[in-house]
Amino acid sequence: MNYSEKVMEHFNNPRNMGEIPDADGVGLVGNPVCGDMMKIFIKVNKDTEVIEDIKFKTFGCGAAIASSSMVTELIKDKGMTIDDALKITNKNVIEELDGLPPVKKHCSVLAEEGLQSAIEDYKKKKQKNG
Ligand code: FES
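Trainee: Mind showing me how you'd approach a nonpolar patch on the surface here?
Mentor: On the surface, a nonpolar cluster with roughly 290 Å² of combined accessible area is contributed by Leu28, Met37 and Phe59. Locating leucine 28 in the fold gives a position in strand β1 (residues 25-30).

As structure tokens, then:
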């Protein structure tokens, strides 16, 4: 399978891998077909809603690791708010990675869904705590 240099680079040197113990939002998603899973942790500034920190743990293939690394880097580099981050799609992730092989497209979907699920969790917690 042919991977772009960017995919290989993110796979070999993943950015923001790990967990945030006191995260404001945590998202866990998986793909039932391949069995891969991705967990995303976010730390959000309550006043500005800027995502100040984001980390991931991916139990999965190289393309899923590269996708999660890329999505976390995008958010941090651009200083995105949760609203900006909600606009990120798996297509953006694929573009930033200079493409993914067709059978690996679903790996980038995990990054989109994991991020959305972490933001949903943050919003739910915020509502509860007022
Ligand atoms: Fe399923 Fe990559 S093969 S996430």
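Trainee: I tried to follow the nonpolar core on my own but got confused; where do I start?
Mentor: Inside soluble globular proteins, nonpolar side chains tend to come together where they are buried. In terms of nonpolar packing, the biggest core is built from 33 residues, with Ile40, Ile42, Ile75 and Leu115 touching the most fellow members. Of all the elements in the fold, those that place two or more residues in this core are β2 (37-44), β3 (51-59), α2 (62-78), α3 (82-86), α4 (90-96) and α5 (105-129). If we ignore the near neighbours within four places in the chain, the residues touching isoleucine 75 are Ile51, Ile54, Met80, Ala85, Ile88 and Leu115.

Trainee: Would you mind showing me how to read the sheet that holds β1 here?
Mentor: Adjacent strands of a sheet pair through backbone hydrogen bonds, lying either parallel or antiparallel. With antiparallel pairing, the 3 strands of this open sheet are ordered in space as β1-β2-β3. At either margin of the open sheet sits one strand with a lone partner, and together these are β1 and β3. For this sheet, the mean angle separating the axes of adjacent strands, direction not counted, is 15°. Two elements, β1 and β2, share 6 bridges in a ladder whose sense is antiparallel. Of the residues in β2, the one forming a bridge with glycine 27 is isoleucine 40.

Trainee: Looking at this model, I keep getting lost on the pattern of salt bridges. Mind explaining?
Mentor: Any two side chains of opposite charge can pair, given that their charged atoms come close. For the structure shown, the criterion picks out 9 salt bridges. In this structure, the salt-bridge partner of glutamate 9 is arginine 15, at a minimum N-O distance of 2.8 Å. Between glutamate 19 and lysine 57 there is a salt bridge, and its shortest N-O distance comes to 2.6 Å. Here glutamate 19 is found in the loop between α1 (5-12) and β1, whereas its partner lysine 57 is found in strand β3, with 38 residues between them in sequence.

Trainee: Would you mind going over the environment of isoleucine 51 with me for this structure?
Mentor: Its location among the elements puts isoleucine 51 in strand β3. Sequence-distant contacts of isoleucine 51, that is, excluding residues within four places in its chain, are made with Ile42, Lys43, Ile75, Met80, Thr81, Ile82 and Ala85.

Trainee: Help me understand α5 in this model?
Mentor: Given 3.6 residues per helical turn, the α-helix brings residues three or four places apart onto the same face. With 25 residues, α5 ought to run about 36 Å at 1.5 Å a step, and its terminal C-alpha atoms sit 37 Å apart, in line with that. Within the span of α5, buried status applies to Cys107, Ser108, Leu110, Ala111, Glu112, Gly114, Leu115, Ser117, Ala118, Ile119, Asp121 and Tyr122. Considering only its buried residues, α5 is in contact with β1, β2, β3, α2, α3 and α4.

Trainee: Mind showing me how you'd approach the pairing of β2 here?
Mentor: Looking along a regular strand, one sees the side chains alternate between the two faces of the sheet. Taking the residues that link successive antiparallel strands as the turn, the β1-β2 hairpin has 6 residues, and the phi of glycine 35 there is positive, at about 85°. Judged from the 8 bridges that link them, β2 and β3 form a sheet pairing that is antiparallel. Within the sheet, the bridge partner assigned to phenylalanine 41 lies in β3 and is lysine 55. Count of turn residues in the β2/β3 antiparallel hairpin: 6 residues, of which glutamate 49 carries a positive phi of about 60°.

The rules behind these values
Residues numbered from 1 in each chain as written. Predicted model: local features only at pLDDT ≥ 70, side-chain atom pairs only at ≥ 80, totals over all residues. Heavy atoms only, no water. Patch = residues over 30% accessible without salt bridge, like charges linked within 9 Å, V, L, I, M, F, W, Y side chains within 5 Å. Areas by Shrake-Rupley, 256 points an atom, 1.4 Å probe, with all protein chains shown as cover. Salt bridge = Lys/Arg side-chain N within 4 Å of Asp/Glu carboxyl O. Helix = DSSP H or I, 4+ residues; strand = E, 2+ residues; numbered from the N terminus. Core = buried A, V, L, I, M, F, W, Y, C linked by side-chain atoms within 4.5 Å. Buried < 20%, exposed > 50% of the residue type's maximum accessible area, 1.4 Å probe, protein only. Contact = heavy atoms within 4.5 Å. Pairing = 2+ DSSP bridges. Axes fitted to C-alpha atoms, helices over the stretch in contact; angles between N-to-C directions. Expected span 1.5 Å × (residues − 1).

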